[in-house]
Amino acid sequence: MPSIALVTLVVHDYDEAIAFYTDSLGFELVEDTDRGGGVRWVVVRPPGAGGVGGIGNAGLLLARARNEAESAAVGNQSGGRVAFFLHTDDFARDHARMSEAGVKFLEEPRHEAYGSVAVFEDLYGNRWDLLQPAA
């Protein structure tokens, strides 16, 4: 059965993006391969991502903007909507850890019928939901 393996996220700088996703969000650096000419293949994933039978281990391919059009899209890759949904099994723990790491939350945590949620921004302004789904 097919699964999403990677989603490209256009960034201004590889190293600052790696630092944000690993240090602030707690992701794992899965790969950082030099492809020559200043291009790198950089993949980060939430810790423990692996899905059932190794399927469903979606990660982010951090791709440095190469031209004006790509640079203009950095931080607004979904037109200002929430683009990414980071699930957690302990909302309070991860919200506190991320807040302490300097992650900018745009709202106070909410408890909805579907779970506990708060919107935050990554280092470029892309919006994310930190979400603990309801049981």
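Here the structure is shown first, and the text comes after it.
Residues numbered from 1 in each chain as written. Predicted model: local features only at pLDDT ≥ 70, side-chain atom pairs only at ≥ 80, totals over all residues. Heavy atoms only, no water.

S.K.: Quick question: what am I supposed to make of the overall build of the protein here?
M.R.: A count of helices and strands for the protein gives three helices and nine strands. Starting at the N terminus, the α and β elements of the protein follow one another as β-α-β-β-β-α-β-α-β-β-β-β. Computed over its C-alpha atoms, the radius of gyration of the protein comes to 15 Å, within 12% of the 14 Å expected for a compact globule of 135 residues. Over its C-alpha atoms, taken along the principal directions, the protein stretches across nearly 50 × 35 × 25 Å. Of all 135 residues assigned to the protein, the portion counted as buried reaches 34%. Considering only intrachain contacts with a sequence separation of at least 6, the fraction spanning at least 24 residues in the protein is 53%. Carbon and sulfur atoms make up 52% of the accessible area of the protein, which totals about 7600 Å². Side chains of the protein carry 11 positive and 20 negative charges; the gap between the two charge centres is 4 Å. (Helix = DSSP H or I, 4+ residues; strand = E, 2+ residues; numbered from the N terminus. Rg over C-alpha atoms; globule rule 2.2 N^0.38 Å. Buried < 20%, exposed > 50% of the residue type's maximum accessible area, 1.4 Å probe, protein only. Contact = heavy atoms within 4.5 Å. Areas by Shrake-Rupley, 256 points an atom, 1.4 Å probe, with all protein chains shown as cover. Lys, Arg positive; Asp, Glu negative; His and termini not counted. Charge placed at Lys NZ, Arg CZ, Asp CG, Glu CD.)

S.K.: Just checking my understanding: could you explain helix 3 (residues 91-100) for this structure?
M.R.: At 3.6 residues per turn, the α-helix brings residues three or four places apart onto the same side. Looking at helix 3, one finds that the buried residues are Phe91, Asp94, His95 and Met98. Buried positions in helix 3, seen along its axis, are confined to an arc of 100 degrees and lie on one side of it. Residues of helix 3 that are exposed and point more than 90 degrees away from the buried face comprise Ala92 and Glu100. On its buried face, helix 3 sits against helix 1 (14-24), strand 6 (104-105), strand 8 (115-121) and strand 9 (127-133). Just downstream of helix 3, Gly102 is the residue with a positive phi angle, here 95 degrees. (Arc of directions from axis to C-beta.)

S.K.: Mind showing me how you'd approach the side chain of Arg45 here?
M.R.: Relative to the helices and strands, Arg45 resides in strand 3 (residues 39-45). Despite its burial, Arg45 pairs with no opposite charge, the nearest such side chain being Glu28 at 7.3 Å. (Salt bridge = Lys/Arg side-chain N within 4 Å of Asp/Glu carboxyl O.)

S.K.: How do you make sense of the sheet that holds strand 1 (residues 6-11) when you look at a structure like this?
M.R.: Paired through backbone hydrogen bonds, the strands of a sheet run either parallel or antiparallel to each other. On the basis of which strands lie adjacent, the open sheet formed by four strands has the order 1-4-3-2 and mixed pairing. The sheet terminates laterally at strand 1 and strand 2 (28-36), the two strands that pair on one side only. Across the sheet, the axes of successive neighbouring strands diverge by a mean angle of 25 degrees, strand direction being ignored. Across six bridges, the pairing between strand 1 and strand 4 (residues 59-64) is parallel. Within strand 4, the residue paired with Leu9 across the bridge is Leu62. (Pairing = 2+ DSSP bridges. Axes fitted to C-alpha atoms, helices over the stretch in contact; angles between N-to-C directions.)

S.K.: Explain the environment of Asn67 to me, please; I cannot follow it from the model alone.
M.R.: Mapped onto the fold, Asn67 is located in the loop between strand 4 and helix 2 (68-73). Put simply, Asn67 and Asp34 are 33 residues apart on the chain and 19 Å apart in space, counted from C-alpha to C-alpha. At 2.8 Å, the side chain of Asn67 and the backbone nitrogen of Glu70 are in polar contact. (Polar contact = N/O pair within 3.5 Å; in protein donor to acceptor, adjacent residues only side chain to side chain.)

S.K.: Looking at this structure, how should I read the environment of Val117?
M.R.: As for its placement among the helices and strands, Val117 is situated in strand 8. We classify Val117 as buried; its relative accessible area is 0%. Separated by 114 residues in the primary sequence, Val117 and Ser3 place their C-alpha atoms 25 Å from one another. For Val117, the contacting residues outside a window of four places in its chain are Phe91, Glu107, Glu108, Pro109, Arg110, Glu112, Asp129, Leu130 and Leu131.

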